[in-house]
Number of protein chains: 2
Amino acid sequence: MSTAFSWNDLQYFLAVARTGQLSAAARNLRTTHVTVSRRIEQLEFALKAKLFERNPRGYELTTIGRRLVDTAEIIEAEAERLQAQISDSVSQLRGLVRLSAPEGISNFFFVEKLTQFAEIHPPYQRRIAYNSTDYGTFA
Amino acid sequence: MSTAFSWNDLQYFLAVARTGQLSAAARNLRTTHVTVSRRIEQLEFALKAKLFERNPRGYELTTIGRRLVDTAEIIEAEAERLQAQISDSVSQLRGLVRLSAPEGISNFFFVEKLTQFAEIHPPYQRRIAYNSTDYGTFA
DNA sequence: CTGTTTTACGCACCTCGTAAGTATC
DNA sequence: GATACTTACGAGGTGCGTAAAACAG
């Protein structure tokens, strides 16, 4: 069985759960309280559960909402871990590429070709070398 | 630090990783291969990493992509667990509500009031009772 | 020629922020 | 009045599917 709710909305859920306020959550998320309100509303509708109690001075977790915080935080942590794994993989796969070519043949030509076949994205770096002479980093 | 990529796109990532094809993944996700293609493209752009190798007969995980599967699956499992926790909470909080009132005072009046204060959503059920006489389920 | 993925094209929806309204302290 | 949320509104963007193109077995 698949989930019907938007996983992204969990970020809004956590932000509101932590701050207890739409406005404060909005500041952390760099958006407006109106947007946060809508995301929470949507999440509650999708889950068919009231997650917050609307009080005059903010949002307070309901019993159900409180039970979801831990799980949501695991998801958040895993999402950040996934992001970190990218960086790890990048550094593991990064290596020094040296090029040799007869005079008159530009290194940049090969670099250009390499970038077409290799999985290269910023912040990857290639060093430019000519006959074992290192010409520095190429962005 | 917060994540920049869309957590939702991980569902598309997993579907493609498992089937090895946009079309097959699309069938499982009840959408079209075009949409799946775009979600993967967006995810790769956000993560700044190439997750799949485009082969003539399908999508194959790259080294980086393969490393993210486990983490993505944890997120998926936690998302489903979160959904399940809702159901658990619902059944724990559901209880029989009995009402007593003098003749002439409708039970429905109190039911109406109750629904304003209690966290009640479908598929919650309330039973209508009058002086301990059970009048059945009220939708 | 059947199975892919990719690209092109609009349309529709949806999300967003501004602004005004409501409520509480 | 200050601070919170809610509602209204309009614009902009974005995601969507259909359809056609490109490619391989």
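Conventions adopted
Residues numbered from 1 in each chain as written. Chains lettered and ligands numbered in written order. Predicted model: local features only at pLDDT ≥ 70, side-chain atom pairs only at ≥ 80, totals over all residues. Heavy atoms only, no water. Phe/Tyr/Trp six-rings, centres within 6.5 Å; stacked < 30°, edge-to-face > 60°. Helix = DSSP H or I, 4+ residues; strand = E, 2+ residues; numbered from the N terminus. Buried < 20%, exposed > 50% of the residue type's maximum accessible area, 1.4 Å probe, protein only. Lys NZ or Arg CZ within 6 Å of the ring centre and 35° of its normal. Contact = heavy atoms within 4.5 Å. pLDDT = per-residue confidence, 0-100. UniProt positions renumbered as here; feature names shortened; annotations may be inferred. Near = heavy atom within 4 Å. Polar contact = N/O pair within 3.5 Å; in protein donor to acceptor, adjacent residues only side chain to side chain.

1. So, the packing of aromatic side chains
Residue and element names in this part refer to chain A.
Turning to step 1, where the next piece is worked out: Considering all chains together, one arrives at 4 aromatic pairs over all chains under this definition.
Turning to step 2, where the next piece is worked out: Ring centres 5.6 Å apart and planes at 55° place the aromatic pair F13 and F52 in the tilted group. Linking F13 in helix α1 (residues 9–19) with F52 in strand β1 (residues 52–55), this pair joins segments that are 39 residues apart in sequence. With respect to class, F13 is no different from F52; both count as buried.
Turning to step 3, where the next piece is worked out: Put simply, the rings of F13, F52 and Y59 touch in pairs and so form one group of aromatic residues.
Turning to step 4, where the next piece is worked out: One Lys or Arg, K48, reaches over the ring of F45 and ends 4.9 Å from the middle of that ring.

2. Quick notes on helix α2 (residues 22–29) of chain A
Residues and elements named next belong to chain A.
Turning to step 1, where the next piece is worked out: Burial in α2 covers these residues: L22, A24, A25 and A26.
Turning to step 2, where the next piece is worked out: Here the buried face of α2 lies against α1, α3 (33–47) and β2 (58–61).
Turning to step 3, where the next piece is worked out: Following α2 by one or two positions, R30 adopts a phi angle in the positive range, close to 55°.

3. Regarding the confidence of the model for chain A
Turning to step 1, where the next piece is worked out: Averaged over every residue, the pLDDT of chain A is 77; the share at 70 or more is 63%.
Turning to step 2, where the next piece is worked out: pLDDT under 50 marks residues 95–139 of chain A. Its contacts with residues more than four places away, or in other chains, come to 61 contacts.

4. Some points on the UniProt feature "domain: HTH lysR-type" (unreviewed entry) in chain A
Turning to step 1, where the next piece is worked out: The sites that UniProt annotates as "domain: HTH lysR-type" (unreviewed entry) are residues 5–62 of chain A.
Turning to step 2, where the next piece is worked out: Between the end C-alpha atoms of residues 5–62 of chain A there is a gap of 19 Å, over a span that is 59% helix and 14% strand.

5. Here we look at the protein's contact with DNA strand D
Turning to step 1, where the next piece is worked out: Taken together, 17 residues are adjacent to DNA strand D, and L22, S23 and Y59 of chain A together with T31 and T35 of chain B come closest.
Turning to step 2, where the next piece is worked out: Here, DNA strand D places atoms within 4 Å of the protein, and 66% of those atoms are sugar or phosphate.
Turning to step 3, where the next piece is worked out: H33 of chain A has a polar side-chain atom sitting 3.4 Å from a base oxygen of DNA strand D.
Turning to step 4, where the next piece is worked out: For DNA strand D, a base oxygen lies 2.9 Å from a polar atom in the side chain of R38 of chain B.
Turning to step 5, where the next piece is worked out: Considering each element in turn, the surface near DNA strand D owes the most residues, 5 residues, to helix α3 (residues 33–47) of chain B.

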